[in-house]
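Coordinate analysis (summary)
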Amino acid sequence: MRALLSYTGHMTQRWRSVARASGLTAPDGTTRPTIFAEMTALAQATGAANLGQGFPDADGPEWIRAAAIEAIRAGANQYPPGRGIPELRDAIAAHQKRHYGIELDPATEVLVTAGATEALAAAVLALTGAGDEVVTLEPFYDAHAAVIAMAGATHVTVPLRPDPTGFRLDPVAFAAAVSERTRLIILNTPHNPTGTVLNDAELITVAEAAARVDAIVITDEVYEHLVFGEQPHHPIATLPGMAERTLTVSSAGKTFSLTGWKVGWVAGPAPLIEALLAVKQFLTYSGGAPFQPAIARALTEGDADIAELRSSLAARRDLLVAGLRAAGFTLVVPEGTYFVCADATPFLTSEMPDGAAFARALPARIGVACVPLSAFCRPGSVTSEALSSWVRFTFVKDEGTLRRAIERLGTLRE
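All values reported here derive from a predicted model rather than from experimental measurement. (Residues numbered from 1 in each chain as written. Predicted model: local features only at pLDDT ≥ 70, side-chain atom pairs only at ≥ 80, totals over all residues. Heavy atoms only, no water.)

All right, on to the environment of Gly60 then. Structurally, the position occupied by Gly60 is in the loop between strand S1 (49–50) and helix H3 (62–73). Note: C-alpha distance between Gly60 and Thr255 (195 residues apart in sequence) is 9.0 Å. (Helix = DSSP H or I, 4+ residues; strand = E, 2+ residues; numbered from the N terminus.)

Here's what the structure looks like:
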């Protein structure tokens, strides 16, 4: 019994390190739910308009869902190949060629995964370990910090700072953060949570730093088609010399509003894909059998659906931006994604001294849920302090929900 208790205690400490890295450790040391689960639970308990968790109110195109049903009826119900079905890998390669001019061998340079999150996890676990450093932007998607901790690597962050054009990367700070110990650089563009689309100068900064220390770049591009402003999305793999050191991660979830299907992929040099496959086969091995042929068709035939979603989201973004400004928030207009980040300073009080307290109080106070931007930062970091008053709202909701939320936000000053 003593040996068992010692073993389970060791495991508890190991996974608490992952919880700490992703901000899931409560003050008493216990593990708490993610901020998204917490805010959604508060929204449900209070009947609030949930602009916190970024999932669509509506399902994706009916014809794509029908294709999955057809696949089930046709017998696509057992394990698909570990790399993904050939039809989907072909479609991913054709998609990269059509949109970005990226040439891929679908047999060796494309790997289908259980969503983008598994692709990221497999990449970090395969390519880093103790003694390595992994550089990310800050704020960062919470899964990035968690998988770095799982690998035992050291997480180094570089701040994105808000200005009138968006949340921008400081090239001097980025160059200083990348050292000989840097094994991986994880980018996320279009960027969750800020909505920033990295511009060419920022991508060149990253590429030059990666080349200087021979680091691999993993780029999380799940919002690649949900870009609304003048700044287009350019994959860093298209820059000179970067294709051989870049792993590009994306998924169908955001592009086609099918987040629960968890069909993602990673593309890049064959030796790196082999390294990911060695890890991925012991994570899920494979999955999504009937969804893979449906997504293959969606990537091939769904450009009109993507354009329709992008147009709809742009209109909903503008609606929420106008409503937040009218309510008294200062904000940065997002260039892409599902999200608007806003400074709640005008509404903070001694009872609500920061964005986290504001977000937790808002559902009961006025019936709107959001997420504090500090949840996407390392606890106590300079960026966390600088953005402590900021919150994130999602506009990937139906117009009625957005208008209801905007009306309620307008009562904040009352």
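For the chain, the domain assignment lists domain 1 (13–59 + 305–411) and domain 2 (62–301). A C-alpha centroid distance of 24 Å is found between domain 1 and domain 2. Contact with domain 1, which involves 36 residues of that partner, is made by 44 residues of domain 2. Among the residues domain 1 hides against domain 2, the three largest losses belong to Glu335, Thr337 and Phe376. Together they make up 21% of the total. Taking the shortest distance from any N to any O, the salt bridge between Arg168 and Glu335 comes out at 3.8 Å. At the junction of domain 1 and domain 2, the tally comes to 14 residue pairs in polar contact (both at pLDDT 80 or more). Those elements that place two or more of their residues in the side of domain 1 that touches domain 2 are helix H1 (2–21), helix H11 (303–327), strand S11 (339–343), helix H13 (382–386) and strand S14 (390–394). If you tally residues by element for the side of domain 1 that touches domain 2, the top one is H11, at 7 residues. (Domains from an automatic or database assignment. Contact = heavy atoms within 4.5 Å. Buried area = accessible area lost by both parts, 1.4 Å probe. Salt bridge = Lys/Arg side-chain N within 4 Å of Asp/Glu carboxyl O. Polar contact = N/O pair within 3.5 Å; in protein donor to acceptor, adjacent residues only side chain to side chain.)

As a further point, take helix H5 (residues 115–127). An α-helical turn contains 3.6 residues, so any two residues separated by three or four positions project in the same direction. In a regular helix each residue adds 1.5 Å, so 13 residues correspond to 18 Å; H5 covers 19 Å between its end C-alpha atoms and thus fits that length. Within H5, 10 of the 13 residues are buried, leaving the element largely enclosed by the surrounding structure. (Expected span 1.5 Å × (residues − 1). Buried < 20%, exposed > 50% of the residue type's maximum accessible area, 1.4 Å probe, protein only.)

Attention now moves to the sheet that holds strand S8 (residues 246–251). Spatially, S2-S9-S8-S7-S6-S3-S4-S5 is the arrangement adopted by the 8 strands of the open sheet, whose pairing is mixed. Edge strands, defined here as strands with exactly one partner in the open sheet, are strand S2 (110–113) and strand S5 (166–169). The sheet shows a mean angle of 25° between the axes of neighbouring strands, taken without regard to direction. In this sheet, strand S9 (residues 264–267) lies alongside S8 in antiparallel orientation, the contact comprising 4 bridges. By the bridge assignment for S9, Val249 is matched with Val266. (Pairing = 2+ DSSP bridges. Axes fitted to C-alpha atoms, helices over the stretch in contact; angles between N-to-C directions.)

Turning to helix H9 (residues 270–280), a few remarks are in order. Here H9 has its buried residues at Leu272, Ile273, Leu276, Leu277 and Lys280. Along the long axis of H9, the arc covered by the buried residues comes to 140°, so they all point the same way. Residues of H9 that are buried in the fold lie against S2, H5, strand S7 (216–220), S8 and S9. (Arc of directions from axis to C-beta.)

With 5 of 5 residues buried, S14 is to be regarded as a mostly interior element. Burial of the side chains of S14 extends over both faces: Trp390, Arg392 and Thr394 are buried on one face and Val391 and Phe393 on the other. For S11 and S14, the ladder comprises 5 bridges, and the chain directions are antiparallel. For Phe339, the partnering residue across the bridge sits in S14 and is Thr394. In the sheet, strand S13 (residues 371–372) pairs with S14 via 2 bridges, with the strands oriented antiparallel. Within S14, the residue paired with Val371 across the bridge is Arg392.

So, on to the pattern of salt bridges. This structure, assessed with the given rule, holds 14 salt bridges. Across the pair Asp214 and Arg245 runs a salt bridge, and its minimum N-O distance is 3.2 Å. On the criterion of sequence distance, the pair formed by Asp214 in the loop between helix H8 (200–213) and S7 and Arg245 in the loop between S7 and S8 is long-range, its members being 31 residues apart. Judged by relative accessible area, which is 53%, Asp214 ranks as exposed. What makes Arg245 buried here is its relative accessible area of 15%. It is possible to trace a salt-bridge network through shared partners that takes in Arg168, Glu202 and Glu335.

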